[in-house]
Amino acid sequence: PHWSKGNPIDTEGTSDGTIFRRAIETVLESDDIDGLLVLGIGGFSFFIHYYRTFSLLTNRQLSEMKVALCDSETQIAKDLVELIDKYNKAIIVTSMADVAMSDAARVLEDNGITNIPSPERGAKAMASLVDYSEYLRGLGKRKRKRKGKK
């Protein structure tokens, strides 16, 4: 498949829906990883709609493609929910597409996971989680110091 050499993990271009889950789970298993920024969940329906404007495929072919892609994407969203529960690590999901009506976005939203509308905002959200974690760790150190002085 295709691979963006500047992107550490890129599942673009694969037709195997399990690769996404395996890639995410492999990363989350590492003790060196505290969180993950996932790009592009919930956008297939948007891209199929956009693709209709210049495609040589028939409407039926596009509809069949949309069903297959959206089913795969919805399963990925379900997998993300399961992996968040299993590993208890922060996963921030972003998509540049208008995902408000996608089934995948609904699965995420129903499970308290917001699909952030841009990678930049997702990166800022992850940075804020890191800052907050460091702040909390600092509070714990100060409390231990105070207890030791008594």
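As a starting point, this report considers the structure included with it. Computed from a predicted model, the values in this text were never measured in an experiment. (Residues numbered from 1 in each chain as written. Predicted model: local features only at pLDDT ≥ 70, side-chain atom pairs only at ≥ 80, totals over all residues. Heavy atoms only, no water.)

**Points about the overall build of the protein**
Helices and strands together make up the secondary structure of the protein, namely 5 helices and 3 strands. Along the chain direction, N to C, the helices and strands of the protein fall in the order α-β-α-α-β-α-β-α. Evaluated residue by residue, the protein yields a buried proportion of 31% over its 150 residues. Split by element, the accessible area of the protein, about 10,600 Å² in all, is 55% carbon and sulfur. (Helix = DSSP H or I, 4+ residues; strand = E, 2+ residues; numbered from the N terminus. Buried < 20%, exposed > 50% of the residue type's maximum accessible area, 1.4 Å probe, protein only. Areas by Shrake-Rupley, 256 points an atom, 1.4 Å probe, with all protein chains shown as cover.)

**Observations concerning the pairing of strand 2 (residues 90-94)**
Within strand 2, 4 of the 5 residues are buried, leaving the element largely enclosed by the surrounding structure. When strand 2 meets strand 3 (residues 115-116), the two strands line up parallel, connected through 2 bridges. When the sheet's bridge partners are listed, Thr 94 is paired in strand 3 with Ile 116. (Pairing = 2+ DSSP bridges.)

**Quick look at the sheet that holds strand 1 (residues 35-39)**
In space, the 3 strands of this open sheet follow the order 1-2-3, with parallel pairing throughout. The sheet terminates laterally at strand 1 and strand 3, the two strands that pair on one side only. Packing against the sheet, helix 1 (residues 18-29) makes contact with strand 1 and strand 2, and its axis sits at approximately 160° to strand 1. (Contact = heavy atoms within 4.5 Å. Axes fitted to C-alpha atoms, helices over the stretch in contact; angles between N-to-C directions.)

**Section: the pattern of salt bridges**
This structure, assessed with the given rule, holds 6 salt bridges. Residues Glu 64 and Arg 60 are paired through a salt bridge, measuring 3.1 Å at the closest nitrogen-oxygen approach. A residue pair is termed a helical-turn pair when its members lie 3 or 4 positions apart in one helix, as Glu 64 and Arg 60 do in helix 3 (residues 59-87) at 4 residues. The residue Arg 106 makes a salt bridge to Asp 103 at a minimum N-O spacing of 2.6 Å. Of this pair, Arg 106 and Asp 103 both sit in helix 4 (residues 103-110), 3 residues apart, roughly one helical turn. On the basis of relative accessibility, which here comes to 35%, the residue Arg 106 falls in the partly exposed class. According to the relative accessible area criterion, Asp 103 is partly exposed, its value standing at 44%. Taken together, the shared-partner salt bridges in this structure form one network comprising Arg 21, Glu 25, Asp 79, Glu 82 and Lys 86. (Salt bridge = Lys/Arg side-chain N within 4 Å of Asp/Glu carboxyl O.)

**Considerations on helix 1**
Counted at 1.5 Å a residue, the expected span for helix 1 with its 12 residues is 16 Å, and the 16 Å between its end C-alpha atoms agrees. What helix 1 keeps buried is the set Phe 20, Arg 21, Ala 23, Ile 24, Glu 25, Val 27 and Leu 28. As for helix 1, its buried residues are in contact with strand 1, helix 3 and strand 2. (Expected span 1.5 Å × (residues − 1).)

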